[in-house]
Amino acid sequence: MLFWIVAAALTFGACLLLLAPLARGNADAADARAHEIEVYKDQLLEIERDMARGLISAGEAELARAEIGRKIIRLSDAHDAAEPTSPSRPLGRWIGALAILSLPLVSWGLYAATGSPFYPGQPLQARLERDPSEASVDELIARAEAHLAANPDDARGWDVLAPIYLRLGRFADAATAFANASRLDQPTAARLAGEGEALAAGANGQVTADALARFEDALALQPDDLRSRYFVALAAEQAGNGDEARRLWQEMRDGLPEGSPWHGVIAAAIEGEAAGDAQDDQVGMIENMVASLAARLEANPNDVDGWQQLIRSYMVLERPQDAQGALERGRAAFGTASPEAGHLAAYGLSLGLEVEQ
Amino acid sequence: MIVEIGHFALVLAFALSLVLSVVPLVGARMGDARLMGVAEPAALSILALIALSFAALTVAYVQSDFSVANVWENSHSAKPMLYKVTGVWGNHEGSMLLWVLILAAFAALVAIFGRNLPATLRANVLAVQGMIAAAFLLFLLASSNPFERINPPPIEGQDLNPILQDIGLAIHPPLLYLGYVGFSICFSFAVAALIEGRIDAAWARWVRPWTLAAWAALTGGIAMGSYWAYYELGWGGYWFWDPVENASFLPWLSGTALLHSAIVMEKRSALKIWTVLLAILTFSLSLLGTFLVRSGVLTSVHAFATDPTRGVFILMILVAFIGGSLALFALRASSLTAGGVFHPISREGGLVLNNLFLTTAAATVLVGTLWPLLVEAVSGEKISVGAPFFNMTFGPLIVPLLLAVPFGPLLAWKRGDLYAASQRLFVAFGLSLAIALATFFIVDRVSALAAFGIAVAFWLVFGALTDLALKSGVGKVSPAVALRRFAGLPRSVFGTSLAHAGLGLTTLGIVAVSALEVERIAVMQPGDAMDVAGYELRFDGIFPFEGPNYTEEQGRFTYSDRSGRERGEIVSAKRFYPARQMPTTEAGIASRGFSQLYVALGDRAPDGGIVVRAWWKPQVLFIWIGCVSMMLGGAISLLDRRLRVGAPAARRAKPARPAVEPAE
């Protein structure tokens, strides 16, 4: 309700303000030429002041005065020739009325089409103080986060939040939460495996060295932890050790109880591993792409991102000599003193290449 | 409720701007004072309503009200309060709201301070301002409404682009918009003059201060943006010839031209038609800049708000205003009376030369900026026009102008004496030559071009000082009298000198950094040291740090000078903002005098070390000190409230060659 009162008051106020000049009696415009004469008179006074300051000589002041005098005469001549205008008053009144009427029409019409007058504001603080039973999942998480921000030593809080983060795809937060729980209470297989999974998921499914270390710690605490065993096998596969991976997964499958959800996961993993043997073609395709990128850069070397991509690709293909060559060609293309060359040099150094300075 | 009041206020402001763009115009046509009188309350109410609207959006940001889509997209509850507030204009919708707020503020200033303007001129100017406001308010409401709501509201925002979470955001856009939008006043005056079909004396008197104010703000905005890019992007560059930078540089170039031609207009009522055209072009370039930034037609490091549909809308506004005003110019320019005559060698002539160079330079930059668009349209190929093009074209154009600058203020109005001016500049010339030679033989014997650049820089500075010395009569009158006359010089004389000297200082910084910069790149382990231009930079290690909404890896360095004495610590960091999953670099900078030691962290190397890029940037601060000096010059000149008249010089035949220098 208050909103409507304010909106009405604003509209009414604007109408009143516009009405004030329209309601004035005299519609005649003042003569514009008077203003100009005024300006020229000011200029004449300024010349006197400049002369008094010693900025211009008497001769110069005389010339300037004569110039302004000529302008005034020209203006007066033009003024005599100009015909007086006669305003048509009734038309003016109609235009004014129409203008004022347009204010509420345009504003309320447009607002009705675009606004949300019945939707109150939602300041965050007020929302978090509301009854939890009405809150959404997101709100509950935000509350838990607020609670943990205030009591960061609550290991159970982190335990609750960590798997939720993992499910929502907030992998970095999940890893931190699992790690906090381990640190504040004690590492358990579930906490370590959770952290490992979060780290791997955060690295687009790559079981990184960090993640692998967590799984191995988890297995040291609890040798039959299924999640850790699965990921250790996956790490072996990603390291190119397909036979080892298959052996680990088969071992796992043999020990699984009837009806375990892991049956499907492991069957898929073993199948995927078998298909991976046919990867050689893929390498050939990648080499082709790299060759065409190199050719494109020879033709159009003005492309920092392209050079970076080429250098990176050579490193992935384990051809460091070619990477080194690409780095040098790229830097030469921009001129070794240019910022682009510096950028490439920094990039090359980060991959372990050498840079001459 | 506050959010919706803000929304309603914006809609009402749009309705008022429609009234403002029609009623006073009709009133001026009919000679009806009542209708013209509507302009003032309308302009003031529009300002009040947009300010209310802006305040409402700010409240939504401060309260983290994520039911507002704009707040959700660009804020985060953990963001520091300063960035919650600056985040209001750190995005497309909010920055457009700031844009129209400034536009309304300028219109209100004309309404308040323009009471001594001829009534019809004032009504027409305000009406044109109203049209611009109406167009942009419609754009805001129709295609980028900052008050759009989300139901149900998300619990956390997506955070502001980390690069924008910096004090620079508090200063750079508002100053830049003050500049862009300030030129809208000049545009409105120009269009009003064309509508009336005549330019009177009051017109000229009014346009110069507005140009000056807009120009000073734009100078500051560009300089701040450049310094921000310098310390935030981690490349150590201060100017990239990026399309968006060019978009702000174009109106600056033509605005500088306008500033100078407006002086001729005010003092000598010459160059009237040209000034009108320049005023139209300058604001058109500002609009073009807005279009380029918002539409995303050109790829740029600034692309923070790109959306093709918005682009089309702004393109329509652009076509309507530029096309409309130029058509009006074509129709009416012939009815404007041309002003006074002058010799080619005169102050007026010098200013025409300035205009020629500046507009050509602006045209060059415009071509370079739009060329990729053209090529893409014709051949479908994506190309980028980089620094080499601009250095090759803009450089040769600007150097002759820089050389000519010190002559300008020494020439008399109407007919000048180039030989006499050269004689007076002899000392300045000798001094800059000496400094250049000293640089060449003592500092760096490699680059003659650098020595030349330094000579140009000092030529500008000494030229500006010479002007001051001559105008106070040094060498002609006793020191006491000269001092008294120096103190009594009009403020605009100081303004000119400060601005021209500032140009020299900026040139000095640019030349020194481009020619004498030293760069080192290395993989460093904790304890390693490297030599950067005589300073030893020791890497102490990487330390983690937790910010309010980011985590940071700080690389700490200590540096010592040639004598081996420790001079201080440099902290250079890599930040990570989890909400946007974005990293930023925070360069570590230590200033030594006007030079800086600049350290940026790169990626980790496989052996556990980290890539470190370090630069020695000699005299780099002069780049921005010069800009501040230009801005200050503008401000001081603005304070000169005199009515300015340029007294013409007498014909050579007359014996009374003035004993003192002509008034500025």
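Residues numbered from 1 in each chain as written. Chains lettered and ligands numbered in written order. Predicted model: local features only at pLDDT ≥ 70, side-chain atom pairs only at ≥ 80, totals over all residues.

Caption draft 1: Examining the overall build of chain A more closely. Along chain A, the regular secondary structure elements total 17 helices and 0 strands. Expressed as a percentage of its 357 residues, the buried residues of chain A come to 31%. (Helix = DSSP H or I, 4+ residues; strand = E, 2+ residues; numbered from the N terminus. Buried ≥ 20, exposed ≤ 12 C-beta atoms within 10 Å, placed from the backbone.)

Caption draft 2: Quick peek at the overall build of chain B. Per the secondary structure count, chain B includes 20 helices and 9 strands. For 664 residues, the compact-globule formula gives about 26 Å, and the C-alpha radius of gyration of chain B, at 27 Å, lands near that figure. Projected onto its principal axes, the C-alpha positions of chain B cover 80 × 70 × 55 Å. Among the 664 residues that make up chain B, the fraction classed as buried is 58%. Sequence-distant contacts, at least 24 apart, represent 74% of the contacts inside chain B between residues at least 6 apart. (Rg over C-alpha atoms; globule rule 2.2 N^0.38 Å. Contact = placed C-beta atoms within 7 Å.)

Caption draft 3: Molecular detail of the domain arrangement of chain B. By the assigned domains, chain B splits into domain 1 (1–165), domain 2 (425–516 + 622–639) and domain 3 (518–617). Relative to domain 2 of chain B, the C-alpha centre of domain 1 of chain B lies at a distance of 42 Å. (Domains from an automatic or database assignment.)

Caption draft 4: Inspection of helix α12 (residues 242–254) of chain A at higher detail. Residue and element names in this part refer to chain A. A rise of 1.5 Å per residue sets the reference length of α12, with its 13 residues, at 18 Å; its end C-alpha atoms lie 18 Å apart and thus fit the reference within 8%. Where α12 is concerned, the buried positions are Ala-245, Leu-248, Trp-249 and Met-252. For α12, the angular spread of buried residues about the axis comes to 95°, placing them on one side. Along α12, exposed side chains directed more than 90 degrees from the buried face belong to Asp-243, Glu-251 and Asp-254. (Expected span 1.5 Å × (residues − 1). Arc of directions from axis to C-beta.)

Caption draft 5: Structural detail: unusual backbone geometry. Residues and elements named next belong to chain B. The backbone of Asp-159 shows a phi angle near 75°, a positive value even though the residue is not glycine. As for its position among the elements, Asp-159 is in the loop between α7 (119–143) and α8 (168–196). Backbone geometry places Ala-533, a non-glycine residue, at a positive phi of 50°. Relative to the helices and strands, Ala-533 resides in the loop between β2 (529–532) and β3 (535–546). Since 17 C-beta atoms lie within 10 Å of it, Ala-533 is described here as partly exposed.

Caption draft 6: Seen up close, the environment of B:Ala515. Residue and element names in this part refer to chain B. Residue placement: Ala-515 occurs in helix α19 (residues 491–516). According to the C-beta neighbour criterion, Ala-515 is partly exposed, with 18 such atoms within 10 Å. Along the chain, Ala-515 and Ala-451 lie 64 residues apart, while their C-alpha atoms are 9.2 Å from each other.

Caption draft 7: Representation of the interface of chain A and chain B in the model. Each partner contributes residues to the interface: chain A has 78 residues there, and chain B has 81 residues. Going through the elements one at a time, α1 (2–22), α2 (32–53), α3 (58–81), α4 (89–114), α6 (137–150) and α17 (339–350) of chain A are the ones with two or more residues in the side of chain A that touches chain B. For the side of chain A that touches chain B, the element with the most residues is α1(A), which contributes 12 residues. When the residues that make up the side of chain A that touches chain B are grouped by side-chain class, the tally is 42 nonpolar, 25 polar and 11 charged. (Nonpolar A, V, L, I, M, F, W, Y, C, P; charged D, E, K, R; others polar.)

Caption draft 8: Quick peek at the sheet that holds strand β1 (residues 518–524) of chain B. Residue and element names in this part refer to chain B. The strand order β1-β9-β8-β7 describes an open sheet built from 4 strands, whose pairing is antiparallel. This sheet does not close on itself; its edge strands, each paired only once, are β1 and β7 (588–592). Neighbour to neighbour, the strand axes of the sheet diverge by 15° on average, direction disregarded. Bridging between β7 and strand β8 (residues 595–604) involves 5 bridges; their strand directions are antiparallel. Counterpart to Ser-591 in the pairing with β8 is Gln-596. (Pairing = 2+ DSSP bridges. Axes fitted to C-alpha atoms, helices over the stretch in contact; angles between N-to-C directions.)

Caption draft 9: Local environment of helix α13 (residues 347–379) of chain B. All names here are of chain B. Between its first and last C-alpha, α13 extends 47 Å over 33 residues, near the 48 Å set by a 1.5 Å rise per residue. Along α13, the sharpest kink reaches roughly 40°, centred on Leu-370 and followed within four residues by the proline Pro-372. Of the residues one or two after α13, Gly-380 is the one with positive phi, at around 75°. (Bend = angle between axes of the 7 residues up to and from the residue.)

Caption draft 10: Main features of the pairing of β2(B). Residue and element names in this part refer to chain B. With 4 bridges connecting them, β2 and β3 associate as antiparallel partners. What sits directly across from Ala-529, in β3, is Arg-538. Linkage of β2 to β3, two consecutive antiparallel strands, is achieved through a turn of 2 residues, within which Ala-533 is found at a positive phi near 50°.

Caption draft 11: Spatial organisation of the sheet that holds β3(B). Residues and elements named next belong to chain B. As summarised here, the arrangement of the 5 strands in space is β2-β3-β4-β5-β6, forming an open sheet in which the pairing is antiparallel. With one partner strand each, in any of the chains shown, β2 and β6 (582–586) form the two edges of the open sheet. Direction aside, the axes of adjacent strands within the sheet are offset by 25° on average.

Caption draft 12: Representation of the packing of α8(B) against helix α10 (residues 243–268) of chain B in the model. Residue and element names in this part refer to chain B. The contact between α8 and α10 brings their axes to 11 Å, and the two run at 45°. As judged from the angle between their axes, α8 and α10 are oblique. In the packing of α8 onto α10, the handedness of the crossing is left-handed. Within the contact between the two elements, α8 uses Leu-176, Tyr-180, Phe-183 and Cys-186 and α10 uses Ser-248, Pro-251, Gly-255 and Leu-258. The residue makeup of the contact of α8 with α10, split by class, is 6 nonpolar, 2 polar and no charged. (Parallel < 35°, antiparallel > 145°, perpendicular 65-115°, else oblique. Left-handed = near helix turned anticlockwise from the far one by under 90°.)

Caption draft 13: Inspection of the confidence of the model for chain B at higher detail. All names here are of chain B. Of the residues in chain B, 93% have a pLDDT of 70 or more, and the chain-wide mean is 84. Element-level pLDDT for chain B is lowest in helix α15 (residues 418–424), with a mean of 79, against a maximum mean of 94 in helix α3 (residues 39–62). pLDDT under 50 marks residues 652–664. Its contacts with residues more than four places away, or in other chains, come to 28 contacts. (pLDDT = per-residue confidence, 0-100.)

Caption draft 14: Expanded view of the domain arrangement of chain A. Along its sequence, chain A is carved into domain 1 (36–70), domain 2 (136–278) and domain 3 (300–350). Each of domain 1 of chain A and domain 3 of chain A has a C-alpha centre, and these two points are 68 Å apart.

Caption draft 15: Representation of the environment of B:Gly130. Residue and element names in this part refer to chain B. Secondary-structure assignment places Gly-130 in helix α7. Sequence separation between Gly-130 and Ala-107 is 23 residues; the distance between their C-alpha atoms is 8.0 Å. If sequence neighbours within four positions are ignored, Gly-130 has contacts with Ser-17, Leu-20 and Ser-21.

Caption draft 16: The pairing of β3(B), seen in detail. Residue and element names in this part refer to chain B. With 10 bridges joining them, β3 and strand β4 (residues 551–560) adopt antiparallel strand pairing. The residue of β4 that forms the bridge with Glu-536 is Ser-560. Between the end of β3 and the start of β4, which pair antiparallel, lie 4 residues.

Caption draft 17: Focus on the environment of B:Gly237. Tracing the backbone shows B:Gly237 in the loop between α9 (201–232) and α10. Here B:Gly237 falls in the partly exposed class, since 16 other C-beta atoms lie within 10 Å of it. Between the C-alpha atom of B:Gly237 and that of B:Val513, which follows or precedes it by 276 residues, the distance is 9.8 Å. Setting aside chain neighbours within four positions, we find B:Gly237 in contact with A:Pro339, B:Ala229 and B:Tyr230.

Caption draft 18: Fine view of the nonpolar core. In this structure, B:Val19, B:Ile46 and B:Val100 are the most contacted members of the largest nonpolar core, which totals 200 residues. Top element by residues in this core is helix α1 (residues 2–30) of chain B. It accounts for 20 residues. Viewed by domain, this core spans two of them, domain 1 (1–165) and domain 2 (425–516 + 622–639) of chain B, each represented by three or more residues. Filtering out sequence-adjacent residues up to four positions away, B:Val100 remains in contact with B:Ile50, B:Ala133, B:Phe136, B:Leu137 and B:Leu140. With 41 residues, the next largest nonpolar core counts A:Ala345, B:Ile570, B:Leu597 and B:Ala600 among its residues. (Core = buried A, V, L, I, M, F, W, Y, C linked by C-beta atoms within 7 Å.)

Caption draft 19: Up close: the packing of helix α15 (residues 304–316) of chain A against helix α16 (residues 320–334) of chain A. All names here are of chain A. Their axes nearest at 7 Å, the elements α15 and α16 cross at an angle of 165°. By the angle class used here, α15 and α16 are roughly antiparallel. The crossing of α15 and α16 is left-handed. Counting all contacts with α15, which are made through Trp-307, Leu-310, Ile-311, Tyr-314 and Met-315, the residues of α16 involved are Pro-320, Asp-322, Ala-323, Ala-326, Leu-327 and Gly-330. Residue composition of the contact of α15 with α16, grouped by class: 9 nonpolar, 1 polar and 1 charged.

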